[in-house]
Amino acid sequence: KTIGLQVSSGLQDLSLRDRGGRRRDFHDLGVNTRQAMVHVQESKTGLSGRMIKLTTNHFRLTSRPQWALYQYHVGYSPEMEARRLRSALLFQHEEQIGKTHAFDGSILFLPKKLENKVTELFSRTRNGEDVKITVTLTNELPPTSPTCLQFYNIIFRRLLKMLNLQQIGRNYYNPSDPVSIPNHRLMVWLGFTSSILQYEESIMLCADVSHKVLRGETVLDTMHSLHSQVGEERFRDTCAKELIGLIVLTKYNNRTYRIDDIDWDNNPKGTFRKSDGSEMSFVEYYRKQYNIEISDWMQPVLISQMKRKRGNIQGSVALIPELCSLTGLTDKMRNDFNMMKDLAIHTRLPPEQRQREIGRLLNYIQKDDNVQKELRNWGLSFDYKSVSFTGRVVQGEKIFQSGNMFDYNPQFADWTKETRGVPLIRAVPVDNWLLIYTRRNYDVANTLLQSLFKVTPSMGIRMSKPNMIEVDDRTEAYLRVLQQRVTPDTNIVVCILSSSRKDKYDAIKKYLCTDCPIPSQCVLARTLSKPQTIMTVATKIALQMNCKMGGELWSVEIPLKQVMIVGIDCYHDTVSGRQSIAGFVASLNQTVTRWFSRCVVQSRGQELVDGIKACLQTALRNWFKWNKCLPSRIFVYRDGVGDGQLNALVNYEVPQFLDCLKSIGTDYSPRLTVIVVKKRVGARFFAEIGGGLKNPPPGTVVDTMVTRPEWYDFFIVSQTVKNGCVAPTHYNVIYDTSQLKPDHIQRLTYKLCHMYYNWSGIIRVPAPCQYAHKLAFLVGQSIHREPNLLLSDRLYYL
Amino acid sequence: MDKNLQEEEFTQIIKFKPSLNKQRHQFVRDLVEKYKPKKVADLGCADCSLLRMLKFCSCIEVLAGLDICASVMKEKMHTLSPLPVDYLQPSERSLTVTLHHGSVAHKDPCMLGFDLVTCIELIEHLEESELKKFPEVVFGFMAPSIVVISTPNSEFNPLLPGVMLYRHPDHKFEWNQAQFQSWALETARCYDYSVEFTGVGRPPAGMEKVGFCTQIGVFVRKSPRTGESVQSEKPTEAVYKTVFKAVYPSLKDEKYLQTAVISEVIFTAQIIKHRLMSKREEYGDDPERKSKFQPSMDCFSDYLGKLVIEKNMEPFVNGNEVYIPLATIFSFPKVNRLCGTFEKLCKLIAGKVTLSSDGSAVMLNTEYENEEN
């Protein structure tokens, strides 16, 4: 058997050198969508708004002029199989090849060109066998080639390693100065994310601070405390819910594993087959291999699926809970307000501090001799000052509510105060409703009721007395009441829950979203127990109830006519059955205040896109019903696209959209715009205000310098944050026949960030994306199947 | 030099299982288990594979490697760095791993004071001049309690296919059993060590006479370390270059101990508070949860039950604060083990954990902040 020795593009082989051998192209290099859009060939930048001076966390890469990377193919005669041997034989000739090189066993990268196109070298193995090595130049890579960019990234990772940073997942962290949060047994490591990419005008390093949350306890510790929390009965179930999907570190190697399953029938005394075919127990293995004594022999075994072959180990790996430490946050932790607050103190760095931390990394790089030497050898250097440029702040929107018009303070990006006591655009009367509570919460229920009666009249909501129903605090009791008392005339069901136990909530939502489609509102008794906040809470609840019944709160001016806005987001359920859920939301009316919502529940192996196509079809049908015509423009805001998935979106999903539109009718050809929305981006912008760095104000648009030349993309900072750095949202227009100017697309996008009814302020993404997210989350977390379509014209999931 | 690779080539016929290299490593490990040395040096550590194994031996507090080739050491030296988990759960013992670039023919004070020095497949790579200086450096200068030297046994070579002269082109010589033993006995005599011979890689049945494939000499110093005599007589200059150094986080280091103690104290206090609060929050709160309580794995609840019997150790609520006596927290095994004494506990958490005015109890707020939505 011989190793395949074809001369490849180098890209794949290069990524092999990267840790873990990931072959995914995280930066979506080589997906060039702009070239197909004629109207943005010349310029994709907008003009409106006032200028603002910005700096960012990008640093220019300065390489020597004509810098190129030379790619060689290395062949051996006779064939040598072991990679280490191949390296050893090749580098016997270091004086010819040079000390600076990157070699993966068959492809060699050098910063200099060898004298001849083909160089023949002769080495001798330890067994005295003579080997001819042929080094052939296959490629001269200009600095902008994808391979070269990939290569820069690998070199940079080498540097981080040289700085003694620890790699966890994709990023590097400094373990020597951790922050410990004993209240929650958490540790936070400060680290960096880095990527080197071709941006609009130059190749730049984008460096950002990253925080890794680690837990100072083993998986076994966590199991113990779960056991004491939930008891024997629900123990296994809870463990599965809490642990599956988490990433663990082990005591004995530097790898991370994802927990995919828990094998309760196994324990450390169980055996496994080693690569040489012999059987060995875990206890014995860890004792022999690492001198580690496993103390608890009754613990179950964790299973981690290997994504790819690693040597000759394939399939799954068994891990011992006692030897694994957890990393990251669970959903439950994310929902723990106190925990997130304690974490935020350490992880939410204000602009100045964030920029200082990034500066520290560059300082390390600049000061470290070895790092500098490595950079010099490759002929690379960085600008140690971050890039500055001008962005634009677009005009604030006017908020319309029942004939009233409001401006909001751009500093807060919130109009709660301004619109208080003003009638809603569409207030749905609450004539027939249920209020369900436990005996203990009788007082709380009355308080809520009185408060609702106080706040609703000014909103224009007519509210009758509810059917007050007392239940036992058991899931079955709630369900029985719902089955007996909910009628088709019921407008809404309000349940006061005494604890945030998820199973009760899930059961109620499941029943009222699928079997018996009636809007519902759950409230925690605790939330209602504080007299000083009850009016605020009641106001929010009233607004939420109104939306769930099909009400409308406010609007902004949408100048385009006959337009349908679509939002799509995905939720990936990692626990039960690993299903993926796509939330799909489409506007129904001219003012973009009513939405049609559906979701696609996709089990393993199915493609989400088929379901999305069906959603679009029904959305168009509904739009027709509401407007007596079909939309002439469709904007799709597509969220939930992972790194490296852009290609699939462009090549599969967009054609499906077009197909779907074609299937509506031969004479129907609306203008379609597809925009990929990305919340998780490395870029950060800082406004230079009064000599210091501040968060840029909402409405800041960036479409130069740090965008990508091959895309029609831009950033918008739409929300404000109380502490920390505001994260810009990245918008990538991957398909556009709208003929609209970039200005208009940007403005429309920003307007839509004002339309999320669960928050009277501007949010991070266009409202349809947030609705789609909410819907997908509810279905993925609680309902697990598609909700009843009778609810689809209301924001029942809000 | 790459021992593993080259041996793989001939193990195909005479198959050693586990591989010869693994057997040599296992031999060293058994020796470590037996003598429990605190400081171990591996001369000719190459790709650090032996060191990587030894770092898991819990008796070792200082590990050093020495090799003449810096690049081969550097290639995998990062695998000797502490793992993330070592930072998350610092170990009781301290451990420092250092790699030096230099020759065994030169003396360097950084090699003094070791308990065990291993020279695995090293001497056969030495030039004659280096081999001559080797005993004086290792036995005379370093003078550890134990020295392990392994080298190929040339009598075994005819059984290894493909071996013409030596097993490895870089070998300067390969000794038969008599040659090795006479060198070893002479060396031992000269520096007052006793030596015992053994080996790994058993010969096939019927050919026992050829001896082990790898011959090993274990040298034990006869006289207890006189210490200063040798070292003080001529202070040597440092000639090795340190290429790598890793200090493992350890609870012996006050910084890590304090973090661990604070973390454990607050966590324990939180658990006690949680218990206390849920008890107060009416018994009949949640029947689903109460009925199925089986404390088989539930060490905490059992433990608390026992504790509360004692007076002055009961946590209590006063207004918005929960008071959890330090004595109660100290009685938890984990806290107890970490601190050792109550005084130490008080000292370590002073100023870092909110205490009652008399300093006898940890104070926590009962306020539960509500999340909106």
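Residues numbered from 1 in each chain as written. Chains lettered and ligands numbered in written order. Predicted model: local features only at pLDDT ≥ 70, side-chain atom pairs only at ≥ 80, totals over all residues. Heavy atoms only, no water.

### Describing the overall build of chain B
Piece 1. A count of helical and extended segments in chain B gives 14 helices and 11 strands.
Piece 2. Within chain B, the fraction of its 373 residues that count as buried is 51%.
Piece 3. Residue pairs at least 24 apart in sequence account for 74% of intrachain contacts in chain B once pairs closer than 6 positions are excluded.
Piece 4. Carbon and sulfur atoms make up 54% of the accessible area of chain B, which amounts to about 18,200 Å² in all. (Helix = DSSP H or I, 4+ residues; strand = E, 2+ residues; numbered from the N terminus. Buried < 20%, exposed > 50% of the residue type's maximum accessible area, 1.4 Å probe, protein only. Contact = heavy atoms within 4.5 Å. Areas by Shrake-Rupley, 256 points an atom, 1.4 Å probe, with all protein chains shown as cover.)

### Examining the side chain of A:Asp296
Piece 1. Counting through the fold element by element, A:Asp296 comes out in the loop between helix H7 (282–290) and strand S17 (301–305).
Piece 2. Among buried Asp, Glu, Lys and Arg side chains, A:Asp296 stands out as unpaired, with A:Lys269 the closest opposite charge at 8.9 Å. (Lys, Arg positive; Asp, Glu negative; His and termini not counted. Salt bridge = Lys/Arg side-chain N within 4 Å of Asp/Glu carboxyl O.)

### A word on empty space enclosed by the protein
Residue and element names in this part refer to chain A.
Piece 1. Going through the model one piece at a time under the given rule, you end up with two cavities of 30 Å³ or more.
Piece 2. As for the second largest cavity, its lining consists of Cys547, Gly550, Gly551, Thr593, Arg594, Trp595, Asp793, Arg794 and Leu795.
Piece 3. For the lining of the second largest cavity, the residue count by class is three nonpolar, three polar and three charged. (1 Å grid on protein atoms, 1.4 Å probe; cavity = no way out; pocket = protein on both sides within 12 Å on 5 of 7 lines; lining within 4 Å. Points joined across faces, edges and corners; volume = space filled by probe spheres on them. Nonpolar A, V, L, I, M, F, W, Y, C, P; charged D, E, K, R; others polar.)

### With respect to the sheet that holds strand S35 (residues 700–702) of chain A
Residues and elements named next belong to chain A.
Piece 1. Here 12 strands make up an open sheet; going across it, the order is S30-S29-S28-S31-S32-S37-S36-S35-S21-S1-S33-S34 and the pairing mixed. Looking at strand neighbours, the two that pair on one side only are strand S30 (595–602) and strand S34 (692–694), the edges of this open sheet. Here the average twist between neighbouring strands, direction ignored, is 30°.
Piece 2. Bridge analysis of strand S33 (residues 685–689) against S34 gives three bridges, and the strand direction is antiparallel. Counterpart to alanine 687 in the pairing with S34 is lysine 694.
Piece 3. On top of the sheet, helix H16 (residues 608–627) reaches strand S28 (563–572), strand S29 (580–587), S30 and strand S31 (633–638); it is set at about 160° to S30, its chief contact. (Pairing = 2+ DSSP bridges. Axes fitted to C-alpha atoms, helices over the stretch in contact; angles between N-to-C directions.)

### Structural notes on the side chain of B:Thr98
Residues and elements named next belong to chain B.
Piece 1. Relative to the helices and strands, threonine 98 is located in strand S3 (residues 96–101).
Piece 2. Accessibility expressed as a relative area gives 11% for threonine 98, which makes it buried.
Piece 3. Contact partners of threonine 98, with chain neighbours within four places excluded, come to Leu63, Ala64, Gly65, Thr242, Phe244 and Lys245.

### Examining helix H17 (residues 646–664) of chain A
All names here are of chain A.
Piece 1. With 19 residues, H17 ought to run about 27 Å at 1.5 Å a step, and its terminal C-alpha atoms sit 26 Å apart, in line with that.
Piece 2. The sharpest bend along H17 measures roughly 25° and falls at glutamate 653, with the proline proline 655 sitting one to four residues further on.
Piece 3. Elements in contact with the buried residues of H17: S28, H16, S31, strand S32 (671–678) and strand S37 (729–736). (Expected span 1.5 Å × (residues − 1). Bend = angle between axes of the 7 residues up to and from the residue.)

### Topic: the environment of A:Asn647
Piece 1. The residue A:Asn647 is located in helix H17 in this model.
Piece 2. Taking C-alpha positions, A:Asn647 is 7.1 Å from A:Asp28, a pair spaced 619 residues apart along the chain.

### Some remarks on the nonpolar core
All names here are of chain A.
Piece 1. Residues Trp433, Tyr637 and Tyr771 are the most contacted members of the largest nonpolar core, which totals 88 residues.
Piece 2. Beyond its immediate sequence surroundings of up to four residues, tryptophan 433 is in contact with Leu449, Leu452, Met463, Ser464, Lys465, Pro466, Asn467, Thr490, Ile492, Val494 and Met545.
Piece 3. If you look at the next biggest cluster of nonpolar residues, it comprises 56 residues, including Leu29, Ile155, Cys206 and Val209. (Core = buried A, V, L, I, M, F, W, Y, C linked by side-chain atoms within 4.5 Å.)

### Some remarks on the pattern of salt bridges
Piece 1. For the structure shown, the criterion picks out 49 salt bridges over all chains.
Piece 2. A salt bridge links A:Glu217 to A:Arg185, with the nearest nitrogen and oxygen atoms 3.4 Å apart. Taken as a pair, A:Glu217 in strand S11 (residues 203–218) and A:Arg185 in the loop between strand S9 (171–181) and strand S10 (186–198) lie far apart in primary sequence, 32 residues in all. Each of the two residues, A:Glu217 as well as A:Arg185, counts as buried.
Piece 3. Between B:Glu136 and B:Lys107 there is a salt bridge whose closest N-O contact spans 3.0 Å. Of this pair, B:Glu136 sits in helix H6 (residues 128–142) while B:Lys107 sits in the loop between S3 and strand S4 (116–120), and the two are 29 residues apart along the sequence.
Piece 4. Given the relative accessible area of 30%, B:Glu136 is considered partly exposed.

### Brief notes about unusual backbone geometry
Residues and elements named next belong to chain A.
Piece 1. Cis geometry is adopted by the peptide bond preceding proline 78, which originates at serine 77 and carries an omega value of -5°.
Piece 2. Residue position: proline 78 is located in the loop between strand S3 (69–77) and helix H2 (83–90).
Piece 3. Although it is not a glycine, alanine 413 sits at a positive phi angle of roughly 55°.
Piece 4. In this structure, alanine 413 sits in the loop between strand S23 (404–406) and strand S24 (433–438).
Piece 5. The exposure class assigned to alanine 413 is buried, which follows from its relative accessible area of 2%.

### Topic: the sheet that holds S4(B)
All names here are of chain B.
Piece 1. Read across the sheet, eight strands follow the order S6-S7-S5-S4-S1-S2-S3-S8 without closing on themselves; strand pairing throughout is mixed. One side of each edge strand has no neighbouring strand; the edge strands of this open sheet are strand S6 (193–200) and strand S8 (241–247). Each adjacent strand pair in this sheet contributes to an overall mean axis angle of 15°, direction not counted.
Piece 2. Taken together, the six bridges between S3 and S8 define a ladder with antiparallel strand orientation. Residue histidine 100 lies in a different strand from S8, and its bridge partner there is threonine 242.
Piece 3. Contacts from helix H7 (residues 177–191) reach strand S5 (146–152), S6 and strand S7 (214–221) within the one sheet, and its direction differs from that of S6 by about 155°.

### Overview of helix H18 (residues 742–752) of chain A
Piece 1. Counting buried residues along H18(A), 10 of its 11 residues qualify, which places the element largely inside the surrounding structure.
Piece 2. Within H18(A), the full set of buried residues consists of A:Pro742, A:Asp743, A:Ile745, A:Gln746, A:Arg747, A:Leu748, A:Thr749, A:Tyr750, A:Lys751 and A:Leu752.

### A look at the packing of helix H12 (residues 442–459) of chain A against helix H15 (residues 534–548) of chain A
All names here are of chain A.
Piece 1. Running from N to C, H12 and H15 point in directions that differ by 65°, and their axes come no closer than 9 Å. The crossing of H12 and H15 is right-handed. Between H12 and H15, the contacting residues are Thr447, Leu448, Ser451, Leu452, Lys454, Val455, Thr456 and Met459 on the first element and Ile534, Met535, Ala538, Thr539, Ile541, Ala542, Leu543 and Met545 on the second.
Piece 2. Here the contact of H12 with H15 is composed, by residue class, of 11 nonpolar, four polar and one charged. (Left-handed = near helix turned anticlockwise from the far one by under 90°.)

### Details of the packing of aromatic side chains
Piece 1. This structure, assessed with the given rule, holds 37 aromatic pairs over all chains.
Piece 2. When the centroid spacing of 5.0 Å and the interplanar angle of 75° are considered together, the rings of A:Trp554 and A:Tyr757 count as edge-to-face. Here A:Trp554 is found in the loop between H15 and S28, whereas its partner A:Tyr757 is found in the loop between H18 and helix H19 (767–783), with 203 residues between them in sequence. Per residue, the accessibility class of A:Trp554 equals that of A:Tyr757, and both read buried.
Piece 3. Each residue in the set A:Tyr252, A:Phe272, A:Phe282, A:Tyr285, A:Tyr286, A:Tyr290 and B:Phe56 is aromatic and connected to the rest through ring pairs, giving one cluster. (Phe/Tyr/Trp six-rings, centres within 6.5 Å; stacked < 30°, edge-to-face > 60°.)

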